[in-house]
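Analysis of the macromolecular model
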Amino acid sequence: MTTIQQFSGDDATWNAYVDAAGSSTFCHVAGWRGIMADVLGHETFSLVARDDHGEWQGVLPLVRVRSPIFGHFLVSMPFLNAGGPIGAPGAVRALANWAQAEARRSGADLLELRSRAPVDGDVTRSDRKITVHRELPADTTLLWTSFPSKLRSQIRRPQKEGFEPRFGLDQRDAFYEVFARDMRSLGTPVLPRALFDRLASVFPDAVEFGVVYRGEQPIAAGCGFMWRNEFEMVWASSLREFRRQAPNMLLYWSFMQRMIERGIGIFDFGRCSPGGNTHAFKRQWGGSDIALPWAQWSRGEMTATPTPTRPIFRAAAACWKRLPLSIANRLGPVIAVRIP
């Protein structure tokens, strides 16, 4: 018999299980619990499935996100692309059923378990998001020659104009400068700067910040995580006034170079909607589509967390784009932490 318990022990015990679980991701690491609670202000659940002997059979980090405007969500993991239940099949089923029961009990509008594998239980599968994986060769020359000539030309364009990439934890302020400006241009509230400062302190060996500069001006930036043999680009932005010079092409190429140097074998471009412009951008690098079979339960007709494709959010985005950057940066984090 499988029992579900809330875990209240030390991070090392949790991480020992996560490290040993072949299906785990960086989203399962215990450090996120403090980030979600302390930085973003959300209630967290660290759930453990145990067998009759008390042995761990699975885990699920789960976060409650409440908003009087957007709704009440239980998500694993919010703001990220993975984090659903992992472990033995029976444990995964029991964890999903516990989460669904908690969603019913607490009146949540939507439960979303962002799993990389289908989840069996009293939940349904959503295929609204996919990702793109590109296998990385052993050296950058092989990667470069695998690209079509048009793609290589787009990468050379910013290089010829003197743009250069820089990497390191010290690039997070420059990253945030670009990220915040780009989010305002998109009409999207920006996540708080404190989130990225905490990422740098909690995950110094896993998080990677990269910025493309024109002189001393940051114009494109990305942030992602290494886990085992894989790197996922979670956030990436570029300034629209430099679109003609294609700094985002140099950004992604430089990140791939960086990952090859670090011995990473898979570049994960992060989630996107199938068939959209972002999907096309990611596919041009020679990768393959990977399904994201997220598991959901909904109290009513809600089938997704807030998305800019809804008419009400399109109208709000149009207004947000007109805000002065200083106001958008003050108000944005208050709103963004409620949109999982």
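A quick note: this is a predicted structure, and the numbers were derived from the prediction, not measured.

This paragraph deals with the side chain of Arg64. Residue placement: Arg64 occurs in strand β3 (residues 56-67). Accessibility expressed as a relative area gives 5% for Arg64, which makes it buried. At a separation of 3.0 Å, a polar atom in the side chain of Arg64 contacts the side chain of His72. Within the structure, the side chain of Arg64 is placed 2.6 Å from the side chain of Glu102, a separation counted as a polar contact. What Arg64 contacts, discounting residues up to four positions off in sequence, is His42, Glu43, Phe45, His72, Phe73, Leu74, Glu102, Arg105 and Ser106.

What follows deals with the packing of helix α5 (residues 149-160) against helix α8 (residues 247-261). Each pair of packed helices gets described by two things: the angle between the helix axes and the distance between those axes. In contact at an axis separation of 8 Å, α5 and α8 are set at 105° when each is read in the N-to-C sense. Judged by the angle between their axes, α5 and α8 are roughly perpendicular. Where α5 abuts α8, its residues Leu151, Gln154, Ile155, Pro158 and Gln159 lie against Pro247, Met249, Leu250 and Trp253. Of the residues assigned to the contact of α5 with α8, the class counts are seven nonpolar, two polar and no charged.

Calculation criteria
Residues numbered from 1 in each chain as written. Predicted model: local features only at pLDDT ≥ 70, side-chain atom pairs only at ≥ 80, totals over all residues. Heavy atoms only, no water. Helix = DSSP H or I, 4+ residues; strand = E, 2+ residues; numbered from the N terminus. Buried < 20%, exposed > 50% of the residue type's maximum accessible area, 1.4 Å probe, protein only. Polar contact = N/O pair within 3.5 Å; in protein donor to acceptor, adjacent residues only side chain to side chain. Contact = heavy atoms within 4.5 Å. Axes fitted to C-alpha atoms, helices over the stretch in contact; angles between N-to-C directions. Parallel < 35°, antiparallel > 145°, perpendicular 65-115°, else oblique. Nonpolar A, V, L, I, M, F, W, Y, C, P; charged D, E, K, R; others polar.

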